[in-house]
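The residues making up each chain are set out below.
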Amino acid sequence: MSRFLVNLLQPERATHVVDVGANPVDGDPPYKAMLLQGLCTVTGFEPQAQALADLNRRKGPHETYLPYAIGHGGPAELNICRYSGWTSLLKPRAAALEVFPQFQSNATVESVLALHTQRLDDVTQLMPFDMLKIDVQGAELDVFQGGVERLKQAVVIQTEMSFIALYEQQPTFGAIDQVLRGMGFVPHCFAQIKHWPIAPLSASNISPNGPRLNQLLEADMVYVKDFVQPVTMDNEQLKHLCLLMHHGYQSFDLSARCIDLLLQRGALPTDALERYVAYLNNGA
């Protein structure tokens, strides 16, 4: 990864990412390339002891992991499932597991851990951050509502959300979308979309070349601060939005929009957009 864009923008500090539910069960996070190049720092939260130990064993110099369960603040129960990716502050929903039986084994609750959740706004160790990545298996809304003040500084949120509730009392896409829009964020892209077969059909009894199985189940969605009303962002926020979009999502059009806005404010050299477009055309 080139440091071209950092050198062009000259941000005051490295981009700061907060990862709530940092257990790396779904592959590499979108900020991995930035982290490896020292372009960002990461503060992660993971209440599962084994997952936290794994994160701390593998972490680099720009990563910090804390054992907190982030939520609404107050007592809660962590439902520890057979597969750690299903572990949640919510209980798996029996009715949904009947319709998607492939999940039943992984979603089996093997133990319940009483704990105290912390609101994101109340974590004193947490410095201002630019991006929130969140994967908390159905408890996303509690995290957002407990982090209203902290999220005023952030410019990117990547959140897993469900279109079908897989946990009891789980808020689904519509509820989360309304809250994030109310906080000044708009949808930007899908980082991942998961379709799943509805029983009685399954991947085991349908040929890969057979009929499509269309049910939209979950997605990792990326929200950004509303770039249509950029007055809500200061210059530093625009710079970190530009960096995250370019390096994390290859959203070069939004990065170029950020550069153009910074040019209009006199915050970059007059040829900055030309240089960025040339950089893209040369195979960035």
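The structure we're discussing is the one just above.
Basis of the calculations
- Residues numbered from 1 in each chain as written.
- Predicted model: local features only at pLDDT ≥ 70, side-chain atom pairs only at ≥ 80, totals over all residues.
- Heavy atoms only, no water.
- Helix = DSSP H or I, 4+ residues; strand = E, 2+ residues; numbered from the N terminus.
- Buried < 20%, exposed > 50% of the residue type's maximum accessible area, 1.4 Å probe, protein only.
- Areas by Shrake-Rupley, 256 points an atom, 1.4 Å probe, with all protein chains shown as cover.
- 1 Å grid on protein atoms, 1.4 Å probe; cavity = no way out; pocket = protein on both sides within 12 Å on 5 of 7 lines; lining within 4 Å.
- Points joined across faces, edges and corners; volume = space filled by probe spheres on them.
- Nonpolar A, V, L, I, M, F, W, Y, C, P; charged D, E, K, R; others polar.
- Salt bridge = Lys/Arg side-chain N within 4 Å of Asp/Glu carboxyl O.
- Pairing = 2+ DSSP bridges.
- Axes fitted to C-alpha atoms, helices over the stretch in contact; angles between N-to-C directions.
- Core = buried A, V, L, I, M, F, W, Y, C linked by side-chain atoms within 4.5 Å.
- Contact = heavy atoms within 4.5 Å.

Student: Explanation requested: the overall build of the chain in the structure shown.
Tutor: For the chain, the helix and strand inventory stands at 9 helices and 10 strands. Across its three principal axes, the chain shows a C-alpha extent of roughly 60 × 50 × 35 Å. Going through the 284 residues of the chain one by one, you find that 48% of them count as buried. On the chain, roughly 13,400 Å² of surface is accessible, and the fraction owed to carbon and sulfur atoms is 52%.

Student: How should unusual backbone geometry be read in this particular structure?
Tutor: Peptide bonds are trans in most cases, and residues, glycine excluded, mostly fall at negative phi. Put simply, Ala199 and Pro200 share a cis peptide bond, and its omega is 20°. Along the chain, the position of Pro200 falls in the loop between β9 (185-195) and β10 (216-225). Notably, Gln169 is not glycine yet its phi reads approximately 60°, a positive angle.

Student: What's the story with empty space enclosed by the protein in this structure? I'm lost.
Tutor: The gaps left among the atoms become clear once a water-sized probe is rolled over them. Inspection of the entire model under this criterion finds 1 cavity of 30 Å³ or more. What the largest cavity holds in volume is close to 250 Å³. The wall of the largest cavity is formed by 21 residues, among which Gly21, Pro47, Thr87, Asp135 and Val136 lie closest to the centre. Class assignment of the residues belonging to the lining of the largest cavity gives a composition of 11 nonpolar, 8 polar and 2 charged.

Student: Sorry, what's going on with the pattern of salt bridges here?
Tutor: Any two side chains of opposite charge can pair, so long as their charged atoms come close to each other. Using the criterion set out here, one finds 12 salt bridges in the structure. A salt bridge links Arg13 to Asp130; the nearest nitrogen and oxygen atoms lie 2.8 Å apart. Of this pair, Arg13 sits in the loop between α1 (4-9) and β1 (15-20) while Asp130 sits in the loop between β6 (109-118) and β7 (131-134), and the two are 117 residues apart along the sequence. Classification of Arg13 as partly exposed rests on a relative accessible area of 31%.

Student: Hey, could you run me through the sheet that holds strand β2 (residues 40-45) in this one?
Tutor: Backbone-to-backbone hydrogen bonds join strands into a sheet, with any given pair of strands oriented parallel or antiparallel. Strands sit in the order β3-β2-β1-β7-β8-β10-β9 across an open sheet of 7 strands; the sheet is mixed. The open sheet has two free edges, formed respectively by β3 (63-66) and β9, since each of these has just one partner strand. Across the sheet, the axes of successive neighbouring strands diverge by a mean angle of 20°, strand direction being ignored. With 4 bridges joining them, β2 and β3 adopt parallel strand pairing. Within β3, the residue paired with Thr43 across the bridge is Thr64.

Student: I'm lost on the sheet that holds strand β5 (residues 74-81) in this one. Help?
Tutor: Strand order across the open sheet formed by 3 strands is β4-β6-β5, with mixed pairing between neighbours. Where the open sheet ends on each side, the last strands, each with one partner, are β4 (69-70) and β5. Across 8 bridges, the pairing between β5 and β6 is antiparallel. The partner of Ile80 across the bridge, within β6, is Ser111.

Student: Looking at this structure, I do not really get the layout of surface pockets. What am I missing?
Tutor: If you add up the space inside the largest pocket, you get close to 610 Å³. In terms of lining, the largest pocket is formed by 31 residues, of which the most central are Pro24, Gly27, Asp28, Pro29 and Tyr31. When contributions to the lining of the largest pocket are tallied by element, the ones reaching two or more residues are α2 (32-36), α3 (49-58), β3, β7, β8 (156-162) and β9. Top contributing element to the lining of the largest pocket by residue count: α2, with 3 residues.

Student: Quick question: what am I supposed to make of the nonpolar core here?
Tutor: In summary, soluble globular proteins display a tendency toward joint burial of nonpolar side chains. In terms of nonpolar packing, the biggest core is built from 40 residues, with Leu5, Val156, Leu241 and Ile259 touching the most fellow members. Among the secondary structure elements, those contributing two or more residues to this core are α1, α2, β2, α3, β10, α7 (235-249), α8 (252-264) and α9 (272-281). Here the element with the most residues in this core is α7; it accounts for 7 residues. Not counting chain neighbours up to four residues away, the residues in contact with Ile259 comprise Leu5, Leu8, Leu9, Cys242, Leu268, Ala272, Leu273 and Tyr276. With 27 residues, the next largest nonpolar core counts Val123, Leu141, Leu151 and Ile157 among its residues.

Student: Just to check I follow, could you spell out the side chain of Thr117 for this structure?
Tutor: Within the element layout of this structure, Thr117 appears in strand β6. Using a relative accessible area of 2% as the deciding quantity, one classes Thr117 as buried. Excluding its chain neighbours within four sequence positions, the residues that come into contact with Thr117 are Ala69, Gly71, His72, Gly73, Gly74, Ala76 and Leu89.

Student: Even after reading the chapter, I still don't get the environment of Thr172, so can you show me in this structure?
Tutor: Its place among the elements puts Thr172 in the loop between β8 and α6 (173-182). A relative accessible area of 25% places Thr172 in the partly exposed class. Taking C-alpha positions, Thr172 is 17 Å from Ala94, a pair spaced 78 residues apart along the chain. Apart from residues lying up to four places away in sequence, Thr172 is in contact with Ser162, Phe163, Ile164 and Ala165.

These results come straight from atomic positions and should not be treated as a statement about function.
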